[in-house]
Amino acid sequence: MTVSSFIKREDDDLDIQVPWIDLEVKPSELKLDQTLMCGQAFRWKATGEREWTCALWDNVIDLKQTPETVLYRSLGHISADRFKKPELLADELQKYFQLDEDLGALCDRWASVDPDFAILRQTQLGVRALRQPVVENMFTFIASSNNNIKRITMLIDKLCRQYGHPIDTAKGTFYTFPTVRDIAEDKDIEGTFTRLGFGYRAKYYAKTVERLSTGHECPEQFLLGLRASPSWEHAKAQLMQFNGVGPKVADCICLMSLDKIDAVPVDTHIWQIAKRRYVDRVLALRFDGVLNSQAIQVAESKRESVIGLARELSMAKAPTTKAYETAQKLFVELFSPHAGWAQLLLFSGDLDGSKDTKKSAKQPKRKANIKPATKPDRDPVETKDGMSLRSKNKRNKAD
């Protein structure tokens, strides 16, 4: 179904009629504002009332939330035949938002383990995990360590303006995310990224682009090939060979690009959620007569494992690498499969809850992604094996 609509360009008063097309998805299955702004993607721009726009797949994609559905259209493209047929764009959007997954059914299953998901299903209506282009996802999250959403968005916008291709539309000019080959043409990648404001991360990009472009005929296809990896752990290990990709960044790529639905990216925020929401409630499973409407429900076969993880997490006083891994395992034991999706809903809900209780207070900048290193808030430099340089130096002195 198409709906006619006009876009008015302010600079020349030109009215352009562009048809909206119905993606045919209910708000309970996809809510654009919460899904696109919860720290997964950083290039979607609010361009109108409940409208979001981004350059994807060589097209400028325009989305609009209505009370009944989501509408979409292409405002422009690079190739003359790129998505000439609307149904091809619809297919890509179906994959991007993973609309084959029944979010309501997933929430019902999670609520059978944790009754709080019945509430989250209402407050976090339509929050979904995205299936993003793998190079964009990888290069975006390399910029995320020790950073906040506003600054990540600014840096990625600069990257696209520097190396991407512009597409002029009635809503302005949008830039595609560059390919690895686009960036590799630069003879001074580190210098360019430094000038753009990426700081110590500039050398990560230079080395990662070099490794991808010289080691693989088609870097994008190599990375996409990790979708076929036998396990999440295998794909994660392959990704961590690249500079700037520690455990947290690798987990984000696995979850949001490589179909590893049990990948649970853990940072300080998620570690705190695990301790606050689950330690006491899981440990209560050891005793008879304590079950109530808010109790955690775990299959008998998993009970000892889950209790052991909760006990181990309860003893963690600081967010060390081991504590992160324990929190990750607990999420997987409780919510697999789709543990990564469950974590995303908890993360989004926790942020909204924090905002609701501090409306009158000045909000600090939120750390979107913090790599799980031994001292994550103090070590800004991470080696490819996930250990901070400071931690390595200490170990070397001890040896």
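Predicted, not measured: the structure shown is a model, and the values here were computed from it.

Cut-offs applied
- Residues numbered from 1 in each chain as written.
- Predicted model: local features only at pLDDT ≥ 70, side-chain atom pairs only at ≥ 80, totals over all residues.
- Heavy atoms only, no water.
- Buried < 20%, exposed > 50% of the residue type's maximum accessible area, 1.4 Å probe, protein only.
- Helix = DSSP H or I, 4+ residues; strand = E, 2+ residues; numbered from the N terminus.
- Salt bridge = Lys/Arg side-chain N within 4 Å of Asp/Glu carboxyl O.
- Phe/Tyr/Trp six-rings, centres within 6.5 Å; stacked < 30°, edge-to-face > 60°.
- Expected span 1.5 Å × (residues − 1).
- Arc of directions from axis to C-beta.
- pLDDT = per-residue confidence, 0-100.
- Contact = heavy atoms within 4.5 Å.
- Polar contact = N/O pair within 3.5 Å; in protein donor to acceptor, adjacent residues only side chain to side chain.
- Core = buried A, V, L, I, M, F, W, Y, C linked by side-chain atoms within 4.5 Å.
- Axes fitted to C-alpha atoms, helices over the stretch in contact; angles between N-to-C directions.
- Parallel < 35°, antiparallel > 145°, perpendicular 65-115°, else oblique.
- Left-handed = near helix turned anticlockwise from the far one by under 90°.

### Looking at helix α5 (residues 134–142)
Line of reasoning, step 1. For α5, the tally of buried residues reaches nine of nine residues, placing the bulk of the element in the interior.
Line of reasoning, step 2. Buried within α5 are the following residues: V134, V135, E136, N137, M138, F139, T140, F141 and I142.

### Describing the pattern of salt bridges
Line of reasoning, step 1. Taken as a whole and judged by the stated rule, the model has 19 salt bridges.
Line of reasoning, step 2. When the shortest N-O distance is used, the salt bridge between E136 and R43 registers 3.0 Å. Residue E136 is found in helix α5, and its partner R43 is found in the loop between α1 (32–36) and β3 (45–48); the two are separated by 93 residues along the sequence. Across this residue pair, the class does not change: E136 and R43 are buried.
Line of reasoning, step 3. The salt bridge involving R121 is made with D108; its shortest N-O contact spans 2.4 Å. Separated by 13 residues along the polypeptide, R121 in helix α4 (residues 116–123) and D108 in helix α3 (residues 103–113) bring together distant segments of the chain.
Line of reasoning, step 4. By relative accessible area, R121 is classed as partly exposed at 31%.
Line of reasoning, step 5. The structure contains a network of salt bridges with shared partners spanning E51, D62, K64, R73 and K171.

### Some details on the packing of aromatic side chains
Line of reasoning, step 1. All told, the structure shown has 16 aromatic pairs when counted by the stated rule.
Line of reasoning, step 2. Each ring, one from F42 and one from F141, has its centre 5.9 Å from the other, and the planes form 75 degrees; the classification is edge-to-face. With F42 in the loop between α1 and β3 and F141 in helix α5, the pair connects residues that are 99 residues apart, well separated along the chain. Grouping residues by exposure puts F42 and F141 together as buried.
Line of reasoning, step 3. Residues Y163 and F193 carry aromatic rings whose centres are separated by 5.8 Å and whose planes lie at 25 degrees to one another, so their mutual orientation is stacked. Taken together, the residues span a long stretch of sequence, with Y163 in helix α6 (residues 149–163) and F193 in helix α8 (residues 189–196) at a distance of 30 residues. Residues Y163 and F193 agree in their burial class; the two are buried.
Line of reasoning, step 4. Of the aromatic side chains, those joined through ring pairs into one cluster are W110, F117, Y278, F331 and F335.

### Here we look at α6
Line of reasoning, step 1. Compared with the 21 Å implied by 1.5 Å per residue over 15 residues, the 21 Å span of α6 between its first and last C-alpha is a close match.
Line of reasoning, step 2. Within the span of α6, buried status applies to I149, I152, L155, I156, L159, C160 and Y163. For α6, the angular spread of buried residues about the axis comes to 135 degrees, placing them on one side.

### Looking at the confidence of the model for the protein
Line of reasoning, step 1. In this model, the protein carries an average pLDDT of 84, and 80% of its residues clear a pLDDT of 70 or more.
Line of reasoning, step 2. Per-element confidence in the protein ranges from a low mean pLDDT of 38 for strand β10 (residues 367–369) to a high of 98 for α8.
Line of reasoning, step 3. The low-confidence segment residues 4–15 (pLDDT under 50) makes 25 contacts with residues lying over four places distant or belonging to another chain.

### Overview of the side chain of Q65
Line of reasoning, step 1. When you line up the elements, Q65 lands in strand β5 (residues 59–65).
Line of reasoning, step 2. Within polar-contact distance, the side chain of Q65 engages the backbone nitrogen of L32 at 2.8 Å.
Line of reasoning, step 3. In contact with Q65, other than residues within four places in its own chain, are P27, L30, K31, L32, R50 and V70.

### Focus on the nonpolar core
Grouped burial of nonpolar side chains is what soluble globular proteins tend to show.
Line of reasoning, step 1. Formed by 89 residues in total, the largest nonpolar core has its most connected members in F139, V245, Y278 and F335.
Line of reasoning, step 2. Among the nonpolar cores identified, the runner-up in size contains 23 residues, and L30, A41, W52 and L93 belong to it.

### Describing the side chain of K64
Line of reasoning, step 1. Of note, K64 is situated in strand β5.
Line of reasoning, step 2. On the basis of relative accessible area, K64 is assigned to the buried category, the value being 17%.
Line of reasoning, step 3. Engagement of the side chain of K64 in a polar contact is seen with the backbone oxygen of E49, the distance being 3.4 Å.
Line of reasoning, step 4. Each residue touching K64, except ones within four places of it in the same chain, is listed here: W20, L32, E49, R50, E51, T69, V70 and L71.

### Structural notes on the packing of helix α13 (residues 268–283) against helix α15 (residues 321–335)
Line of reasoning, step 1. Contact pair α13 / α15: the axes reach a minimum separation of 10 Å and the direction vectors enclose 60 degrees. Accordingly, the angle class assigned to the pair α13 and α15 is oblique. In the crossing of α13 with α15, the sense of the turn from one axis to the other is left-handed. Contacts between α13 and α15 involve T268, I270, W271, I273, A274 and Y278 from the first element and A323, Y324, A327, L330, F331, L334 and F335 from the second.

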